[in-house]
Amino acid sequence: MNDFTLHLTTKIVFGRDAESKIGEEAARYGKKVLLHYGGGSIKRSGLYDSVKDSLAKSGLEVFELAGVKPNPRLSLVREGIELCRKEGIDLILAVGGGSVIDSAKAIGIGVPAKCDVWDFYLGKACPEKMMPVGVVLTIPAAGSECSNGSVITNEDGDYKRAVDNQIMRPSFAIMNPERTYTLPPYQTACGITDMMAHIMERYFTNVDHVDLTDRLCEATLRTIINNAPIVLRDPENYDARAEIMWSGTIAHNGLLDTGRIGDWGSHNIEHEISGIYDVAHGAGLAVVFPAWMKYVYHHDVARFVQFAVRVFDVDLAFGRPEEIAEEGIRRLEQFFTSIGMPITLPQLGVDDSRLGEMADKALVGCEYQGHFVPLYRDDVYNILKIAMG
Ligand code: NZQ
Ligand code: ZN
């Protein structure tokens with residue numbers, strides 16, 4: 001196990017009554033709140049009114065910036081930075097999913113910055129401060145409600161890039177599983193896939209003696225796999241929605257990668273797909289992750305056997321280690337298919353005309369992608385070829 005520092009700084013308020021705390025939590029940071037949200041789902045569900053009421057009861061002045069798109073855009077971030085500076089905003093309240101939260105974090109690091117905010121995403125500068133960001137989570141998926149990262153798409157060139165920093169964890173996250181009842185099945189499944197990918201990125205490591213985090217990863221994956229069919233069949237099942245919601249946070253708040261080095265190749269390859277084709281991140285991962293697994297499993301067959309046996313109950317008597325490993329990957333694909341996810345690029349609506357461009361872009365600014373097995377340009381291309389099915 002490697003040495004590590006873990007400093008989780010987000011206050012989590014979880015449960016049916018969580019929303020009653022919005023105003024009280026927001027008021028700790030000042031008087032002026034920027035309410036940041038997406039394309040309107042919060043208005044249709046009534047959450048918008050509840051949030052506004054709660055903020056008004058706490059005597060807060062509310063400014064609004066709506067219109068965050070899935071795969072959030074840099075242009076709206078720039079608008080938010082200007083608005084916060086002009087109005088002297090004290091807190092950005094992100095009401096939505098990963099896209100809204102990431103946009104809020106980008107505004108939050110952009111406001112106090114001396115450089116252009118995109119420099120942080122290009123790795124040219126390191127954010128030193130973030131304005132307070134609060135979250136009301138409506139979709140369990142990206143884990144951004146507690147994570148230290150933000151992912152933004154620059155429309156100029158369709159580059160989707162991430163920045164990670166300890167200062168980028170939100171100050172608080174309000175999480176009521178009932179607020180996820182209105183999610184369409186496809187979005188529910190995309191979220192489920194994304195949180196599983198966050199765990200699997202960490203699971204496939206070269207670090208030895210990580211038994212505890214291996215077992216925590218396996219338990220979280222099994223929890224998600226068991227509860228996924230329930231929420232798809234019965235969207236208002238509180239208990240199953242709660243299990244999924246909490247799993248999404250645990251998957252990506254940093255606990256599961258303590259003492260180990262995760263891979264992240266699949267995520268970075270997926271960002272090239274959603275950056276160009278504007279597909280849902282989770283759906284892109286359902287395609288890339290199994291393709292990556294098929295390409296790299298020979299590197300550590302024993303770890304893939306452990307995954308197959310402990311997560312998907314493949315019998316050790318199933319066959320040779322390679323066959324058990326392959327069966328684990330097949331069951332993962334079957335699971336994705338069972339929840340309505342694509343497992344090939346054509347199913348995602350992506351043809352083979354820009355595979356080379358995506359492979360080139362994935363290597364811009366870095367020598368290789370991934371840690372479990374370093375992936376060079378041709379490796380990324382080969383994985384995308386496998387993903388064609
Ligand atoms: O915009 P609205 O109208 O709100 O609709 C959203 C959006 O269309 C809808 N939605 C959200 N909650 C809903 C709902 N519809 C009905 N009922 C509800 N309760 O769902 C759609 C998708 O929302 P989005 O925020 O894009 O989803 P998600 O949370 O999956 O976020 C995806 C983004 O997060 C990034 C991804 O790359 C992608 O850009 N990621 C961020 C990470 C981080 N910051 O740590 C890590 C992840 O790996 C990921 O890369
Ligand atoms: Zn992700």
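Residues numbered from 1 in each chain as written. Chains lettered and ligands numbered in written order. Predicted model: local features only at pLDDT ≥ 70, side-chain atom pairs only at ≥ 80, totals over all residues.

**Digging into the overall build of the protein**
Logical step 1: The secondary structure content of the protein amounts to 16 helices and eight strands.
Logical step 2: Computed over the C-alpha atoms, the radius of gyration of the protein is 20 Å, within 12% of the 21 Å expected from 2.2 N^0.38 for a compact globule of 389 residues.
Logical step 3: Taking the principal axes of the C-alpha coordinates as reference, the protein spans close to 65 × 45 × 45 Å.
Logical step 4: Per-residue burial for the protein yields a buried fraction of 52% across its 389 residues.
Logical step 5: Contacts spanning at least 24 positions in sequence make up 77% of the contacts within the protein whose residues lie at least 6 apart. (Helix = DSSP H or I, 4+ residues; strand = E, 2+ residues; numbered from the N terminus. Rg over C-alpha atoms; globule rule 2.2 N^0.38 Å. Buried ≥ 20, exposed ≤ 12 C-beta atoms within 10 Å, placed from the backbone. Contact = placed C-beta atoms within 7 Å.)

**Observations regarding the sheet that holds strand β8 (residues 172-175)**
The strands that make up a sheet are held in pairs by hydrogen bonds between backbone atoms, and each pair lies either parallel or antiparallel.
Logical step 1: Within the open sheet, the six strands sit side by side as β1-β8-β5-β4-β2-β3. Their pairing is parallel. The two strands at the open ends of the sheet, each matched to only one other strand, are β1 (11-14) and β3 (61-65). If you compare each strand with its neighbour and ignore which way they point, the axes differ by 20 degrees on average.
Logical step 2: Note that β1 and β8 share four bridges and pair parallel. Within β8, the position partnered with Lys 11 by the bridge is Phe 172.
Logical step 3: Each of β2 (32-37), β4 (91-96) and β5 (133-137) is contacted by helix α5 (residues 98-110), which is oriented at about 165 degrees to β4, the strand it contacts most. (Pairing = 2+ DSSP bridges. Axes fitted to C-alpha atoms, helices over the stretch in contact; angles between N-to-C directions.)

**Brief notes about the UniProt feature "domain: Fe-containing alcohol dehydrogenase-like C-terminal" (unreviewed entry) in the protein**
Logical step 1: With numbering matched to this structure, UniProt assigns "domain: Fe-containing alcohol dehydrogenase-like C-terminal" (unreviewed entry) to residues 189-387.
Logical step 2: In the segment residues 189-387, helix accounts for 68% and strand for 0%; the C-alpha atoms at its two ends are 19 Å apart. (UniProt positions renumbered as here; feature names shortened; annotations may be inferred.)

**Topic: the packing of helix α10 (residues 265-277) against helix α15 (residues 355-362)**
Logical step 1: Running from N to C, α10 and α15 cross one another at 125 degrees; their axes reach a closest spacing of 9 Å. By the angle class used here, α10 and α15 are oblique. Considering the relative orientation of α10 and α15, their crossing is right-handed. Contact with α10, carried on its side by Asn 268, Ile 269, Glu 272, Ile 273 and Ile 276, involves Met 358, Lys 361 and Ala 362 of α15 and no other residues of that element.
Logical step 2: Each residue belonging to the contact of α10 with α15 can be placed in one class, and the counts come to five nonpolar, one polar and two charged. (Parallel < 35°, antiparallel > 145°, perpendicular 65-115°, else oblique. Left-handed = near helix turned anticlockwise from the far one by under 90°. Nonpolar A, V, L, I, M, F, W, Y, C, P; charged D, E, K, R; others polar.)

**As for the UniProt feature "domain: Alcohol dehydrogenase iron-type/glycerol dehydrogenase GldA" (unreviewed entry) in the protein**
Logical step 1: Following the UniProt record, the feature "domain: Alcohol dehydrogenase iron-type/glycerol dehydrogenase GldA" (unreviewed entry) maps to residues 10-177 here.
Logical step 2: Annotated as 32% helix and 25% strand, the span residues 10-177 places its first and last C-alpha atoms 18 Å apart.

**Quick notes on the packing of helix α8 (residues 211-233) against helix α9 (residues 238-252)**
Logical step 1: Here α8 crosses α9 at 145 degrees, and the two axes come no closer than 9 Å. Note that α8 runs across α9; the crossing there is left-handed. Within the contact between the two elements, α8 uses Thr 220, Thr 223, Ile 224, Asn 227, Ile 230 and Val 231 and α9 uses Ala 240, Arg 241, Glu 243, Ile 244, Ser 247, Ile 250 and Ala 251.

**A word on the environment of Arg 28**
Logical step 1: Counting through the fold element by element, Arg 28 comes out in the loop between α1 (22-27) and β2.
Logical step 2: Arg 28 gets classed as partly exposed once you count the C-beta atoms within 10 Å, which come to 14.

**A closer look at the site of ligand 1**
Logical step 1: As a matter of local geometry, ligand 1 sits amid 36 residues, with Gly 38, Gly 39, Pro 70, Gly 97 and Gly 98 nearest to it.
Logical step 2: When residues of the shell around ligand 1 are traced back to their parent elements, those giving at least two are α2 (41-45), α5, β6 (149-154), α7 (185-203) and α11 (281-296).
Logical step 3: Within the shell around ligand 1, the residues separate by chemical class into nine nonpolar, 24 polar and three charged.
Logical step 4: Counting only domains with at least three residues in the shell around ligand 1, you end up with domain 1 (9-177) and domain 2 (183-386). (Near = placed C-beta within 6 Å. Domains from an automatic or database assignment.)

**A look at the nonpolar core**
Logical step 1: By size, the foremost hydrophobic cluster in this structure holds 120 residues, and its most contacted members are Ile 92, Leu 93, Ala 94, Val 95, Val 135, Ile 174 and Ile 199.
Logical step 2: Per-element tally for this core: the top contributor is α11, with ten residues.
Logical step 3: No fewer than three residues from each of domain 1 (9-177) and domain 2 (183-386) sit in this core.
Logical step 4: Sequence-distant contacts of Ala 94, defined by excluding residues within four places in its chain, comprise His 36, Val 100, Ile 101, Ala 104, Val 133 and Val 135. (Core = buried A, V, L, I, M, F, W, Y, C linked by C-beta atoms within 7 Å.)

**What to know about the domain arrangement of the protein**
Logical step 1: The assigned domain composition of the protein is domain 1 (9-177) and domain 2 (183-386).
Logical step 2: For domain 1 versus domain 2, the distance between C-alpha centres works out to 26 Å.
Logical step 3: In this complex, domain 1 contributes 19 residues to the contact, which on the side of domain 2 involves 26 residues.
Logical step 4: The class makeup of the residues in the side of domain 1 that touches domain 2 is eleven nonpolar, five polar and three charged.

**Here we look at α15**
Logical step 1: Buried within α15 we find Leu 355, Met 358, Ala 359, Lys 361 and Ala 362. Burial along α15 is one-sided: seen end-on, the buried residues are contained in an arc of 165 degrees.
Logical step 2: In the core, the buried residues of α15 are packed alongside α10 and α16 (377-387). (Arc of directions from axis to C-beta.)

**Comments concerning the environment of Leu 316**
Logical step 1: One can find Leu 316 in the loop between α12 (301-312) and α13 (321-338).
Logical step 2: Using a count of 10 C-beta atoms within 10 Å as the deciding quantity, one classes Leu 316 as exposed.
Logical step 3: Along the sequence, Leu 316 and Val 305 sit eleven residues apart, while their C-alpha atoms lie 8.3 Å from each other.

**What about the pairing of β6?**
Logical step 1: Both β6 and strand β7 (residues 159-164) contribute to a ladder of six bridges, which runs antiparallel. Residue pairing in the sheet places Val 151 in a bridge with Ala 162 of β7.

**Some thoughts on the confidence of the model for the protein**
Logical step 1: Confidence along the protein averages 97 in pLDDT terms, with 100% of residues attaining 70 or more.
Logical step 2: Two numbers describe this predicted complex: its pTM, 0.97, and its ipTM, 0.99. (pLDDT = per-residue confidence, 0-100.)

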